[in-house]
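# Results of the structural survey
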Amino acid sequence: MKKITQRTVPLLLAAGMGLAAATAWSAESLQDVLKRRSLSQQDLLAAAKTYVPTGKRDEFVAFSSGGQSGQIIVYGIPSMRILKYIGVFTPEPWQGYGFDENSKAVLAQGKIDGKDITWGDTHHPAISETNGEYDGQFLFINDKANPRLAVIDLRDFETKQIVVNPIYKSEHGGAFVTTNTEYVIEAAQYPAPLENKKFQPLEEMNDKFRGGVTYWKFDRKEGRIVPKESFSLELPPYWQDLSDAGKGPSEGWSFTNSFCSERYVGGIEKGRPPYEAGCSAKDTDYLHVINWKKAAEIVKQGKAKKINGHDVLPIDVAVKEGILFLIPEPKSPHGVDVTPDGTKIIVSGKLDTHTSVYSFEKIQAAIKAGKFESKDPYGIPVIGMKDALHTQVQLGLGPLHTQYDSKPCTAYTSLYVDSQVAKWDFCEGKVLDKISVHYNIGHLMTMEGDSAKPAGRFLVALNKLAIDRFVPVGPLHPQNHQLIDIANDKMQLLYDMPLPLGEPHYVVAIDAKKLKPGVRYKVGTDSRTDKPHPGAVRAGEEVTTRKGNKVEVKGTLIRSHITPETIDVEVGDEVTIHLTNLERAQDETHGFTVSTYNVHASIEPGKTVTVKFKADKEGVYPYYCTEFCSALHLEMMGYLLVKPKGWKPTKTEMAKANYTEADYKATLKKVADTQAVIDSVVGYITSVNFKDFPDVVAMVEDATDQLSKIPEAKAKHEAAAAKKDWEQANLWAEQIWQYQVKTADLGLRAKTYLEQNGAKKVK
Ligand code: CUK
Ligand code: CUA
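Let me sum up the structure you'll find in this document. All values reported here derive from a predicted model rather than from experimental measurement.

This part is about the overall build of the protein chain. When you go through the protein chain residue by residue, the secondary structure sums to 15 helices and 45 strands. In terms of its C-alpha atoms, the protein chain occupies a principal-axis envelope of roughly 100 × 85 × 60 Å. Taking the contacts inside the protein chain whose residues are at least 6 apart along the sequence as the reference set, 63% of them involve residues at least 24 apart. Accessible surface for the protein chain amounts to roughly 34300 Å². Of this, 56% is attributable to carbon and sulfur atoms. Taken together, the 95 basic and 97 acidic charged side chains of the protein chain have centroids lying 2 Å from each other.

Structure, rendered in structure tokens:
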């Protein structure tokens, strides 16, 4: 369609077309758009299922591993709009994560042997559960490369804690939570000696190398993992992979699959066949079946041994106590997923076309009867596959991961080699539907699909390759998350979302209504500890102190200034700046940075943050607010003055501007006019039931704060005017206007909010 330009309009009119015709031309109909963009009815249907109009919100919120970015990506479903990145193992500048002292303390928990590790390979996020259902309180995620686990509090979407696994050198099977988040499960991946920094030759793989599974104790009230109450189970040097916790009838048990139970050691450069040949030679590997409840009791009885100061239950103790069993699983399996009702366990072998459904009841019957087909080389009883299987289903090539539907007995399994998702019935053992994805799917995820109560509706395919799906951006392609409608019998592909931040492995999605994040902190909170920040001050209490060469600033932030506005130090001083955001209004975040000192903080309403640096370079360094927070945001700044040692001023006054009495009068008039605007807004707000709207109450409080500063400024301008100091008089009057502008800004936002949210007149 030709664009209607200023030139073409007169032409159309000249051709005898009326205004109505011109209007029809300028507004395309739906049919026009479909034709112009070559869209099908299917496309239109998909668009209608995913499009979330402005002002409306997504039904589900997804937390995706950020892969090599070491972060978490938060996006909405079905819109697939990205909402946030959460810095976890990696600095995240926007949130000041890794650039302020409080968040640095969290990242420092992830140091290994004293060394900073500022990246992570995140794989598996997990949402905390109550009775097996997502409760929306906490999020956990693992780092495969540097065996670590992180805790994120969903009240503020911030990382609160990182724990380093005390005995592994890599891990994979985390994070998976038990039914009431008593423990967060993390299993090893590549076997290694468990003793820290101990060398053992590969020739002694079978004897000196070990795998394991760790149960991190989670204290829900504190919102933190308790390392002292956590323990691990020593496992053979099979390559433990993913885990899942039992639920319902299988509660108290956990399942960890493995591959390379051949315990093969490669070394192609030494003439040995490579790992990939030796690790997939056998037809089966082992599913580990573990009674974690009993294991926890046995550890409490002191039957664990300490390795690197951590409780580890040895294999022989676990066998003697009857808490560890193996079941063969075909072939190079990847992923173990307990069904929502907890009665079955589904395992897929990457190199087998079948998916195996194990029956927990049969497993228990075999254990009870002492019916084992053999023992593995470490003395662990092995339950016969046929004694544990419910059924096996031929799904396709390269089955990997499984998720569940809200409909009974319905599962979805990713087929890596086939690049498909199979929908199947795990009770009857039959395939129901298949859909192609682009390309080479790894994990897949349905809404709350690994919980006891899956929500169905949508599925996301996490594809390993994007190949030709997007506009090319160089040899490194974005990832492709594909949204699929699973509400009907036939699956329908709805949407492709490129993800440009590492290779996500797993995603979890929760009903958005279950998330209840706060909009502000209690004033003076250290968000990383959830405790009062010792550097917090309230308005009027701002202070700068010096002890030796240590300068400490306790300042505040409120639209549109930073208190203090100058920080005077000497070269070599150690500078600590604590800043409290005094705002109450939603979304009034201030940022803070000091030129060239590599510090940055995001200070949301109520938060207190510390930045710290050594002022090792003489000079003048502006500091400023980095969030466009108000009309006078650009003025929200100050100077760090780093003076040479022993420096003395030669000039004692600032340059003057020549303000006159007329300037002062003009400013006073502006102040009076603005007050009239404020009065009318206040009139409106108080005429309705604004007290029923907490967001508005917060804005009104902030506005009242601003207004309360006016009398002091008024006294100052009147005193200056009495002395005919027109500069001081004018500028203090001007300051009143600044308070008014901020008040009016808040007032108008409150008014708009009330109008849009159906405020009612009160008498
Ligand atoms: S893993 Cu990557 S596709 Cu780490 Cu769960 Cu399967
Ligand atoms: Cu505060 Cu910009």
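The next point concerns the packing of aromatic side chains. Inspection of the entire model under this criterion finds 25 aromatic pairs. An angle of 90° between the planes, with centres 4.9 Å apart, marks the rings of Phe140 and Phe218 as edge-to-face. Here Phe140, found in strand E5 (residues 133-143), pairs with Phe218, found in strand E10 (residues 211-219); they are 78 residues apart in sequence, far enough to count as distant. An identical accessibility class is assigned to Phe140 and Phe218; each is buried. Each residue in the set Tyr190, Trp239, Phe259, Tyr264 and Tyr275 is aromatic and connected to the rest through ring pairs, giving one cluster. Looking at Lys350, its charged tip hangs above the ring of Phe259, at a distance of 4.5 Å from the centre. Geometry around Trp737 places Lys670 over its ring, the cationic atom sitting 4.1 Å from the centre.

Another point: the state of the cysteines. Scanning all chains against the criterion turns up two disulfides. Each sulfur in the disulfide pair Cys260 and Cys279 lies 2.1 Å from the other. Torsion about the S-S bond of the Cys260 and Cys279 cystine: about -65°, corresponding to left-handed handedness. Within this pair, whereas Cys260 is found in the loop between strand E14 (253-259) and helix H7 (275-278), its partner Cys279 is found in the loop between H7 and strand E15 (284-291), the two being separated by 19 residues in sequence. As far as the burial class goes, Cys260 and Cys279 line up, both buried. Sequence-ordered numbering of the bonded cysteines in the protein chain yields a pairing of 1-2, 3-4.

Next up on the list: the site of ligand 1. Within the structure, ligand 1 sits among His123, His124, His172, Leu242, His334, His401, Gly442, His443, Lys464 and His505. Across the shell around ligand 1, the residue classes break down as one nonpolar, eight polar and one charged.

Glancing now at unusual backbone geometry. That bond from Ile77 to Pro78 is cis: its omega, 15°, falls within 30 degrees of zero. Examined against the element boundaries, Pro78 turns out to sit in the loop between strand E2 (71-77) and strand E3 (82-87). The linkage connecting Gly174 with the following residue, Ala175, adopts the cis geometry, with an omega of 5°. Here Ala175 shows up in the loop between strand E7 (158-164) and strand E8 (176-177). A positive phi angle, close to 50°, is found at Cys260, a residue other than glycine.

The rules behind the values
Residues numbered from 1 in each chain as written. Chains lettered and ligands numbered in written order. Predicted model: local features only at pLDDT ≥ 70, side-chain atom pairs only at ≥ 80, totals over all residues. Heavy atoms only, no water. Helix = DSSP H or I, 4+ residues; strand = E, 2+ residues; numbered from the N terminus. Contact = heavy atoms within 4.5 Å. Areas by Shrake-Rupley, 256 points an atom, 1.4 Å probe, with all protein chains shown as cover. Lys, Arg positive; Asp, Glu negative; His and termini not counted. Charge placed at Lys NZ, Arg CZ, Asp CG, Glu CD. Phe/Tyr/Trp six-rings, centres within 6.5 Å; stacked < 30°, edge-to-face > 60°. Buried < 20%, exposed > 50% of the residue type's maximum accessible area, 1.4 Å probe, protein only. Lys NZ or Arg CZ within 6 Å of the ring centre and 35° of its normal. Disulfide = S-S within 2.5 Å. Near = heavy atom within 4 Å. Nonpolar A, V, L, I, M, F, W, Y, C, P; charged D, E, K, R; others polar.

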